[in-house]
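Close look at the chain arrangement
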Number of protein chains: 2
Amino acid sequence: MKPVMIGQLARETSTKVTTIRFYESIGLLRSAPRTASGRRTYDASDIERLHFIRNGRRLGFSVDEIRSLMGLAQNPDQDCGAASAIAAQHLKDVEERLAQLAVLRDELAMLSQSCTKARMADCRIMKAIGKGHPQADQ
Amino acid sequence: MKPVMIGQLARETSTKVTTIRFYESIGLLRSAPRTASGRRTYDASDIERLHFIRNGRRLGFSVDEIRSLMGLAQNPDQDCGAASAIAAQHLKDVEERLAQLAVLRDELAMLSQSCTKARMADCRIMKAIGKGHPQADQ
DNA sequence: GCTTGCTTCTACAGCGACTAGAGGTGGTAG
DNA sequence: CTACCACCTCTAGTCGCTGTAGAAGCAAGC
């Protein structure tokens, strides 16, 4: 019930103090009320909100997406179509990156396998990376 | 044989002009010799070098890794153990990211599936992201 | 009341790998 | 001669933080 200071909030949400201040500076968290000596104080709703942000980030949502989601939550009676659309789009993005990364991995695996422990000048890895033009000495 | 200007180099390597200048500024490309009027000129070896850089980047190597690889290539008689170590490490990193991303995808897929087209206030997606603390109104 | 040591404060710079823009010069084609 | 493009430099912005410097607040022990 009683308000906590920034360090306590940081501990409870596994967030760095500097990150909390950063979130405030970009308007993701409200401007926290201050004590007489200027220290930020937080209540239960701030903790909740920061949990939401951190979980959102952990799930790979951008700050802007999180901002949108929290904005949508302001209208509790609206249906959640917009929110689920954001989540669906994000899932699609992640799936795409996953596919790209898998291609990359295969390419790198081939590269690594091709190594014959040669001299640098004959290294297949170097040749593979340098491809695009056959080697022209000098 | 004849030297080319930056635009031509950009076209041949599918690189933006600004990126080429950026690579020069960070020492990834040499300081290109200039014409009388101050324009950069490039020869075949620059094209080759830039191909190497672009392919390396496409494969996800960091600029520093590329720098190291190109540095190693200066000693053509050394064996390529160091180069293949860089590649192997990078492959490992990619595999790790891939695994993390797969976990993320699964989590997001569950999230998306859980949507019941409810009011925002009852949205399961929002609740799942906000987890960490049960909702306390106000 | 003084010191110690932790927490908090502000303000700003830095990361990586570019990208974009402003504002200007050089060279050439019609 | 003028229009147009390619090129130049320099600076700032992107994203999501992280780290630093230097000052001040605050509780506890002596």
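Residues numbered from 1 in each chain as written. Chains lettered and ligands numbered in written order. Predicted model: local features only at pLDDT ≥ 70, side-chain atom pairs only at ≥ 80, totals over all residues. Heavy atoms only, no water.

Under an unreviewed UniProt entry, the name given to chain A is Helix-turn-helix domain-containing protein, and the organism recorded is Sphingomonas corticis.

1. Some words on the protein's contact with DNA strand D
Surveying the vicinity of DNA strand D reveals 18 residues, the closest of which are A:Thr19, A:Ser37, A:Arg57, B:Arg21 and B:Arg40. Take the atoms of DNA strand D that sit within 4 Å of the protein: sugar and phosphate atoms are 81% of them. In this structure, a phosphate oxygen belonging to DNA strand D sits 3.3 Å away from a main-chain N or O atom of A:Val63. B:Arg21 has a polar side-chain atom sitting 2.5 Å from a phosphate oxygen of DNA strand D. Looking at the surface near DNA strand D, the elements that each hand over two or more residues are α2 (17-25) and α3 (44-58) of chain A together with α1 (6-13) of chain B. Looking at the surface near DNA strand D residue by residue, the classes come out as 5 nonpolar, 5 polar and 8 charged. (Near = heavy atom within 4 Å. Polar contact = N/O pair within 3.5 Å; in protein donor to acceptor, adjacent residues only side chain to side chain. Helix = DSSP H or I, 4+ residues; strand = E, 2+ residues; numbered from the N terminus. Nonpolar A, V, L, I, M, F, W, Y, C, P; charged D, E, K, R; others polar.)

2. Details of the interface of chain B and chain A
Across the contact, 54 residues belong to chain B and 53 residues belong to chain A. Regarding the contact of chain B and chain A, the summed buried area is about 4900 Å², with carbon and sulfur atoms giving 70% of it. It is B:Leu108, B:Met120 and B:Ile129 in chain B that bury the most area against chain A; as a group they hold 13% of the surface buried on that side. At the boundary of chain B with chain A, the tally comes to 4 salt bridges. Mapped onto the side of chain B that touches chain A, the elements with two or more residues apiece are α3 (44-58), α4 (63-72), α5 (81-113) and α6 (124-129) of chain B. In terms of residue count, the dominant contributor to the side of chain B that touches chain A is α5(B) (19 residues). Tallied by class, the residues present in the side of chain B that touches chain A amount to 30 nonpolar, 12 polar and 12 charged. (Contact = heavy atoms within 4.5 Å. Buried area = accessible area lost by both parts, 1.4 Å probe. Salt bridge = Lys/Arg side-chain N within 4 Å of Asp/Glu carboxyl O.)

3. Observations regarding α5(B)
A rise of 1.5 Å per residue sets the reference length of α5(B), with its 33 residues, at 48 Å; its end C-alpha atoms lie 48 Å apart and thus fit the reference within 8%. By the burial criterion, the buried members of α5(B) are B:Ala83, B:Ser84, B:Ile86, B:Ala87, B:His90, B:Leu91, B:Val94, B:Leu98, B:Leu101, B:Leu104, B:Leu108 and B:Leu111. Turning to α5(B), the residues buried within the fold contact α3, α5 (81-113) and α6 (124-129) of chain A together with α4 and α6 of chain B. (Expected span 1.5 Å × (residues − 1). Buried < 20%, exposed > 50% of the residue type's maximum accessible area, 1.4 Å probe, protein only.)

4. Description of the protein's contact with DNA strand C
Near DNA strand C you find 18 residues, and of these A:Gly7, A:Arg21, A:Arg40, B:Thr19 and B:Arg57 are the closest. Sugar and phosphate atoms constitute 81% of the interface atoms of DNA strand C, taking the interface as everything within 4 Å of the protein. In this structure, B:Ser37 approaches DNA strand C through a side-chain N or O atom, which is 3.3 Å from a sugar or linking oxygen. Elements with a contribution of two residues or more to the surface near DNA strand C: α1 (6-13) of chain A together with α2 (17-25) and α3 of chain B. Of the residues that constitute the surface near DNA strand C, the class distribution is 5 nonpolar, 5 polar and 8 charged.

5. As for the UniProt feature "domain: HTH merR-type" (unreviewed entry) in chain A
Taken from the UniProt record, the annotation "domain: HTH merR-type" (unreviewed entry) applies to residues 6-72 of chain A. Span residues 6-72 of chain A is 63% helix and 3% strand, its end C-alpha atoms 27 Å apart. (UniProt positions renumbered as here; feature names shortened; annotations may be inferred.)

6. Details of the packing of α1(A) against α2(A)
Residues and elements named next belong to chain A. Relative to each other, α1 and α2 sit at 105°, their axes nearing to 9 Å. Considering the angle they form, α1 stands roughly perpendicular to α2. Contacts from Ile6, Gly7, Leu9 and Ala10 in α1 reach Val17, Ile20 and Arg21 in α2. (Axes fitted to C-alpha atoms, helices over the stretch in contact; angles between N-to-C directions. Parallel < 35°, antiparallel > 145°, perpendicular 65-115°, else oblique.)

7. Observations regarding unusual backbone geometry
Note: most peptide bonds trans; most residues except glycine with negative phi. Residues and elements named next belong to chain B. Phi angles above zero are rare outside glycine, and Ser14 is one such case at about 50°. Tracing the sequence through the fold places Ser14 in the loop between α1 and α2. Notably, Lys117 is not glycine yet its phi reads approximately 55°, a positive angle. Residue placement: Lys117 occurs in the loop between α5 and α6.

8. Let's talk about the pattern of salt bridges
Residue and element names in this part refer to chain A. Tallied over the entire structure, the rule returns 18 salt bridges over all chains. In this structure, the salt-bridge partner of Glu24 is Arg34, at a minimum N-O distance of 4.0 Å. In this pair, Glu24 sits in helix α2 while Arg34 sits in the loop between α2 and β2 (41-42), placing the two residues 10 residues apart along the sequence. You can call Glu24 buried: its relative accessible area is 13%. Its relative accessible area of 45% is what places Arg34 among the partly exposed residues. Overlapping salt bridges bring together Glu24, Arg34 and Arg40 as one network.

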